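Here are the chains, one letter per residue:
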Amino acid sequence: LPLLETGVEGLVVAPSLLGVDEPRTYLLLAQNEHELRATGGFISSVALLRVADGKIVEFRFSDSYAVDDLSQPHPDAPEALERYMLSQIWLLRDANWYADFPTSAQVARDLYQLDQGVLVDGVVAADLAAVQSLVRALEPIQLEGYDQEVTGANVLALMQQHWASPGGEGQAGDWWIHRKDFMGDLLGATMGRLETDIASVDLGRLMDAVRRGFGEKHVLVYVVDPTVGEIMGRNGWDGALRPTDGDFLMVVDTNMGFNKVNPNVETAVEYEVTIEEGESLTSRVAITYRNHSSEMADPCAQEAVYPPTYEEMMEGCYWNYLRLYVPEGSVLVQGPQLTLPEGSLRAREDGTSGSPLVTEVGPAESGRSVYGVFFVVPPGERREMVFEYQPPSSVLEVENSTTYRLLVQKQPGTVAVPLRVEVRLPSGSSVVSTQPEASAVSHGSVVFESDLREDREFEVTFRR
């Protein structure tokens, strides 16, 4: 049934998306979740795709660094990027700053027009998990000029292998220019096969890959056309911050370390909400990070260094800018007690190492309050970030009984972050129902044990 629903909705939007009525132009963003960013990962490559009458008429793949036209006046970088990465201007590879993908997609669209003079009709983002899933549905794939067949099992290893510098040099030489050619050749081959040899494709496996890609937010699509955009949003395919009348939580990590250590970073989220007499609420969020990278002899230094192999980029310190998205109108009580790390770019720039870092309360985004902190997790260490705040009482639905609803939205690019939710009820309350079935109910406390493979919704109805 989920496959059928996906297919039906896909058939509704497909003619317009594929340029049956008029030619369409799309910007494709290849996001690398090994360097996690708000909408899935660092934008490592981009492609321009033109379609007309259901056919590909142009496919142009580029390294994201090669797209910039620095002769054009670019906007200022977001404040946190300027503060902690010393970014002076906003470039396309950092366009996906906002957790709301339609907002980030519009930034990417504007920056691409500024750099390349092309205004696209939509933006599609896909991470490495989406690429692996697509290849698995089409395997084996033989690329012209490559000896080895590409499968879902080996595609990531082959990408890393072709990224590596054959001579061990850094950011120079012919290697640097062509280190991402494999990805472009792979995408070109898969799209060409879907266009010209669809009969050889197992459509069930392909539709399952598409459904999982959208459902688990490994693929995000923004289109300018409002009619098509409404369908994408209704199905949750556009990566927007989802509306809700109840409580809301989204944990958003941004790797600021110029490395690919996220596969070595284990993350877990615990959320506790206490409902007091009089319908006031107090929330506590604890996010833990464990960096399983190999131990290093040198202290952590935040700098743009590119070692000769991809595997070396996956080891190191985890420099993270953490944002917490909560209901608008929430009041921060206390955030993590942090100081500016000694090896950070900002500390070395202005000599403020060890100075206190207060939890930043940013402007509201898409109807959400936002709290932000910057910190580092060295290899072999564990850090816990704890936030306490008071959500507005309007998140409760009070009638004959009281219903508390919580939507926890997944950050694209992550896999299945462990999630524990505990709802503490007023004294003397009795639980009427829970959705889904609670993991434990005792002494006025309801506990859900889950994960963030997809967005999760929880509901507790109780009486006093």
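Throughout what follows, the structure given in this document is the object of discussion. The numbers attached to residues start from 1 for each chain and follow its sequence in the written order. Local features are withheld for residues below a pLDDT of 70 in this predicted model, meaning they are given only at 70 or higher, and side-chain atom pairs are given and counted only at 80 or more; totals for whole chains, interfaces and linings count all residues. Only heavy atoms go into the side-chain values, all of them from the structure, while hydrogens and water stay out.

**Examining the sheet that holds strand β4 (residues 122-127)**
Only strands that DSSP links by at least two bridges are regarded as paired with each other. The way it works is that DSSP assigns letters per residue, a run of H or I at least four long becomes a helix, a run of E at least two long becomes a strand, and they are numbered from the N terminus. Strand order in the open sheet formed by five strands is β3-β2-β1-β4-β5, and the pairing between neighbours is mixed. Taken across any chain shown, the strands that pair with only one partner, and hence form the sheet edges, are β3 (55-63) and β5 (219-223). For this sheet the average axis-to-axis angle between neighbouring strands, irrespective of direction, equals 20 degrees. In this sheet, β5 lies alongside β4 in antiparallel orientation, the contact comprising five bridges. Residue pairing across strands places valine 124 opposite valine 221, the latter belonging to β5. The axes used here are C-alpha line fits, helices contributing only the stretch in contact, and every angle between their N-to-C directions lies in the interval 0 to 180 degrees.

**Regarding the side chain of aspartate 68**
Among the structural elements, aspartate 68 can be located in the loop between β3 and α2 (79-85). A residue is classified by how much of its surface remains accessible, and aspartate 68, at 17% relative accessible area, is buried. Within the structure, the side chain of aspartate 68 is placed 2.7 Å from the side chain of arginine 93, a separation counted as a polar contact. Here, two residues are considered to be in contact whenever any of their heavy atoms come within 4.5 Å of each other. Contact partners of aspartate 68, with chain neighbours within four places excluded, come to Leu91, Leu92, Arg93 and Asp115. Only protein chains enter the accessibility calculation, which uses a 1.4 Å probe. A residue is then buried if its area is under 20% of the maximum for its type, exposed if over 50%, and partly exposed in between. Any pair of nitrogen or oxygen atoms within 3.5 Å is treated as a polar contact; in protein, a donor-acceptor pairing is required on top of that, and neighbouring residues in sequence qualify only through side-chain atoms on both sides.

**A short note on the packing of aromatic side chains**
Here a pair means two rings of Phe, Tyr or Trp (six-membered ring of Trp) with centres within 6.5 Å. Their orientation is stacked below 30 degrees between planes, edge-to-face above 60, and tilted elsewhere. In this structure the tally under the stated criterion is twelve aromatic pairs. Seen from their ring centres, tyrosine 289 and phenylalanine 375 are 5.3 Å apart, and the 55 degrees between their planes marks the pair as tilted. Taken together, the residues tyrosine 289 in strand β8 (residues 281-291) and phenylalanine 375 in strand β14 (residues 368-377) connect sequence positions 86 residues apart. Judged by relative accessible area, tyrosine 289 falls into the buried class, the value being 0%. Using a relative accessible area of 1% as the deciding quantity, one classes phenylalanine 375 as buried. In this structure an aromatic cluster arises from ring pairing among Tyr84, Trp97, Trp319, Tyr321 and Phe374. Charge-over-ring contacts are defined here by two conditions on Lys NZ or Arg CZ: a distance within 6 Å of the ring centre and an angle within 35 degrees of the ring normal. Above the ring of tryptophan 97, the side-chain terminus of arginine 323 is found at 4.0 Å from the ring centroid. Over the aromatic face of phenylalanine 248 sits the side chain of arginine 368, whose NZ or CZ is 4.0 Å from the ring centroid.

**With respect to the sheet that holds strand β20 (residues 440-442)**
The strand order across the open sheet formed by seven strands is β10-β15-β8-β7-β18-β21-β20, and the pairing between neighbours is mixed. Across the chains shown, the open sheet's two edge strands, defined by having one partner strand only, are β10 (331-334) and β20. Averaged over all pairs of adjacent strands, the angle between their axes in this sheet comes to 20 degrees, without regard to strand direction.

**Looking at the side chain of glutamine 411**
In this fold, glutamine 411 is placed in the loop between β17 (402-409) and β18 (418-424). Residues within four places of glutamine 411 in sequence aside, it is in contact with Leu36, Arg37, Ala38, Met250, Val251, Val252 and Asp253.

**Overview of the pattern of salt bridges**
Between side chains of opposite charge, a pair can form as their charged atoms come close. A carboxyl oxygen of Asp or Glu within 4 Å of a side-chain nitrogen of Lys or Arg is what we treat as a salt bridge. Under the counting rule described, the total for this entry stands at 29 salt bridges. Between arginine 234 and glutamate 230 there is a salt bridge whose closest N-O contact spans 2.8 Å. With arginine 234 and glutamate 230 both in helix α9 (residues 226-234), this residue pair falls four residues apart, about one helical turn. What makes glutamate 230 partly exposed here is its relative accessible area of 42%. Between glutamate 422 and arginine 424 there is a salt bridge whose closest N-O contact spans 3.3 Å. Here the salt bridges do not stand alone but share partners, grouping Glu272, Arg420, Glu422, Arg424 and Glu449 into one network.

**Details of the pairing of strand β7 (residues 265-275)**
Direction of pairing for β7 relative to β8: antiparallel, over a ladder of eleven bridges. Its bridge partner lying in β8, glutamate 270 is registered against alanine 286. From the end of β7 to the start of β8, which pair antiparallel, there are five residues, and glycine 278 there has a positive phi angle of about 85 degrees. Pairing geometry for β7 and β18, over six bridges, is parallel. Bridge pairing in β18 places glutamate 272 opposite glutamate 422.

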